[in-house]
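Spelled out, the chains give:
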Amino acid sequence: MPAFLDADTCLRIQRAMDAGVVEPAEILERGIHAVDDVRRATNIEIDAALVASVERRLDDIRPAVSAFFQVPLMEREGPGFLRYAEGGFYKPHRDRGVHAVWPDAARRQV
C-alpha cells in the first residue's frame, strides 16, 4: 500500500529499532523459540507509543485490506518489528496452522 507510513514515521521506527531491545526472532515449532537454522532474524521491542501509532495506522486501513482480500478481518496480532541482517533468512513456512501452544495461528488469513 503506497505511503502506508510517511517518511517521518519510518525514520522514527528505524531509530527506535536501533535503540530497542533486541532478541532472536522466534518460530512456532514444538513450542515457541528461536531456531537459528530455520530463521535468522531479530525481533526488536520499541517504544509503546510508537507501536500504538503503527497500530492506529493499521486500524485506519483495515477496511481497505478487508476489501482487497475479500475476507472479514477480526482481531489482529500486534505489529512486529523484525530485522534481517546480511545473511538473515526465514525458510519457507506457513503462518497459519493448528498449534496447541498458539491456538490463534489457526485463524490467520492475511
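Bear in mind the structure is a predicted one, so any value in this text is a computation, not a measurement.

Parameters at a glance
Residues numbered from 1 in each chain as written. Predicted model: local features only at pLDDT ≥ 70, side-chain atom pairs only at ≥ 80, totals over all residues. Heavy atoms only, no water. Helix = DSSP H or I, 4+ residues; strand = E, 2+ residues; numbered from the N terminus. Buried < 20%, exposed > 50% of the residue type's maximum accessible area, 1.4 Å probe, protein only. 1 Å grid on protein atoms, 1.4 Å probe; cavity = no way out; pocket = protein on both sides within 12 Å on 5 of 7 lines; lining within 4 Å. Points joined across faces, edges and corners; volume = space filled by probe spheres on them. Nonpolar A, V, L, I, M, F, W, Y, C, P; charged D, E, K, R; others polar. Pairing = 2+ DSSP bridges. Axes fitted to C-alpha atoms, helices over the stretch in contact; angles between N-to-C directions. Parallel < 35°, antiparallel > 145°, perpendicular 65-115°, else oblique. Left-handed = near helix turned anticlockwise from the far one by under 90°. Contact = heavy atoms within 4.5 Å.

### Focus: unusual backbone geometry
- Even without a glycine there, the phi angle at Ala-3 is positive, about 60°.
- Position of Ala-3 relative to the elements: it lies in the segment before α1 (7-19).
- In this structure, Gln-70 is a non-glycine residue whose phi angle is positive, near 55°.
- Examined against the element boundaries, Gln-70 turns out to sit in the loop between α2 (48-69) and β6 (82-83).
- Look at Gln-70 and you get exposed, because its relative accessible area is 72%.

### Focus: the layout of surface pockets
- Its volume calculated, the largest pocket comes out at about 1400 Å³.
- Together, 40 residues line the largest pocket, and Glu-77, Gly-78, Trp-102, Arg-108 and Val-110 are the ones closest to its centre.
- Among the elements that line the lining of the largest pocket, the one with the most residues is α2, at five residues.
- Grouping the constituent residues of the lining of the largest pocket by class yields 21 nonpolar, six polar and 13 charged.

### Topic: the sheet that holds strand β5 (residues 42-45)
- Reading across from one edge, β1-β5-β6 is the order of the three strands in this open sheet, with antiparallel pairing throughout. Strands at the two margins of the open sheet, each flanked by one partner only, are β1 (21-24) and β6.

### A look at the pairing of β5
- With four bridges joining them, β1 and β5 adopt antiparallel strand pairing. What sits directly across from Glu-23, in β5, is Asn-43.
- By the bridge criterion, two bridges tie β5 to β6 in an arrangement that is antiparallel. What sits directly across from Thr-42, in β6, is Arg-83.

### A look at the packing of α1 against α2
- Contact geometry of α1 with α2 gives a least axis separation of 11 Å together with a crossing angle of 140°. As the angle between them shows, α1 and α2 are arranged oblique. Where α1 crosses over α2, the handedness of that crossing is left-handed. Every residue of α2 that contacts α1 at Arg-12, Ile-13 and Ala-16 is listed here: Leu-50, Ser-53 and Val-54.

Shape is all these values report; function is a separate question.
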